[in-house]
Amino acid sequence: MKLAIIIGVSQYHTVTSLDACKNDAELFHSILKKIKKVDDILFLGNSPSGREAKKSISDFITKYKEELVDELIFYY
C-alpha cells in the first residue's frame, strides 16, 4: 500500500500570504491523483490549523494501522 499526506499552508499569523505554497501543494496533489500510483491521499489545503492537521493526520494513520504500508509520501 502506498499513501500520501500533502499539507498546503499559505496563511501564517506573522507572514504575508504565501500563495506559492498553496499552489505547489495543489499541483502535487493533482499529479499524484493523475498518475494513480498512490492508494490514498490525505490532502490538507487552505492552511489548516495545527489542531486540525494533527487530528486529520492521526485519523488517516489510524485508518491504515492494520495495513502494510510500503511507501508514504509526505509533502509540506
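Residues numbered from 1 in each chain as written. Predicted model: local features only at pLDDT ≥ 70, side-chain atom pairs only at ≥ 80, totals over all residues. Heavy atoms only, no water.

A. A look at the nonpolar core. Counting residues in each nonpolar core, the largest one holds 10 residues, listed as L3, I5, I7, V9, L42, L44, A53, I57, F60 and Y64. Listed by contribution, the elements that provide at least two residues to this core are β1 (2–7), β2 (40–44) and α2 (50–63). Core analysis: the next-biggest nonpolar cluster, separate from the first, contains 6 residues, A25, L32, V38 and I41 among them. (Core = buried A, V, L, I, M, F, W, Y, C linked by side-chain atoms within 4.5 Å. Buried < 20%, exposed > 50% of the residue type's maximum accessible area, 1.4 Å probe, protein only. Helix = DSSP H or I, 4+ residues; strand = E, 2+ residues; numbered from the N terminus.)

B. Representation of the side chain of H29 in the model. By secondary structure assignment, the location of H29 is in helix α1 (residues 19–35). Its relative accessible area of 16% is what places H29 among the buried residues. Setting aside anything within four residues of it in sequence, one finds H29 in contact with I6, I41 and F43. (Contact = heavy atoms within 4.5 Å.)

C. Structural view of α2. Helix length check: α2 (14 residues) gives 20 Å between terminal C-alpha atoms against 20 Å at 1.5 Å per residue, within 8%. Regarding α2, the residues found buried are A53, I57 and F60. Within α2, the buried residues cover an arc of 65° as seen down the axis, which keeps them to one side. For α2, the exposed residues set more than 90 degrees away from the buried face come down to R51, K54, K55 and K63. The inward-facing, buried residues of α2 contact β1 and β2. (Expected span 1.5 Å × (residues − 1). Arc of directions from axis to C-beta.)

D. Structural detail: the sheet that holds strand β3 (residues 71–75). Within the open sheet, the 3 strands sit side by side as β2-β1-β3. Their pairing is parallel. Each having just a single partner strand, β2 and β3 make up the two edges of the open sheet. Averaged over all pairs of adjacent strands, the angle between strand axes in this sheet comes to 10°, irrespective of strand direction. When β1 meets β3, the two strands line up parallel, connected through 5 bridges. Looking at the pairing, L3 lines up with L72 of β3. On top of the sheet, α2 reaches β1 and β2; it is set at about 175° to β2, its chief contact. (Pairing = 2+ DSSP bridges. Axes fitted to C-alpha atoms, helices over the stretch in contact; angles between N-to-C directions.)

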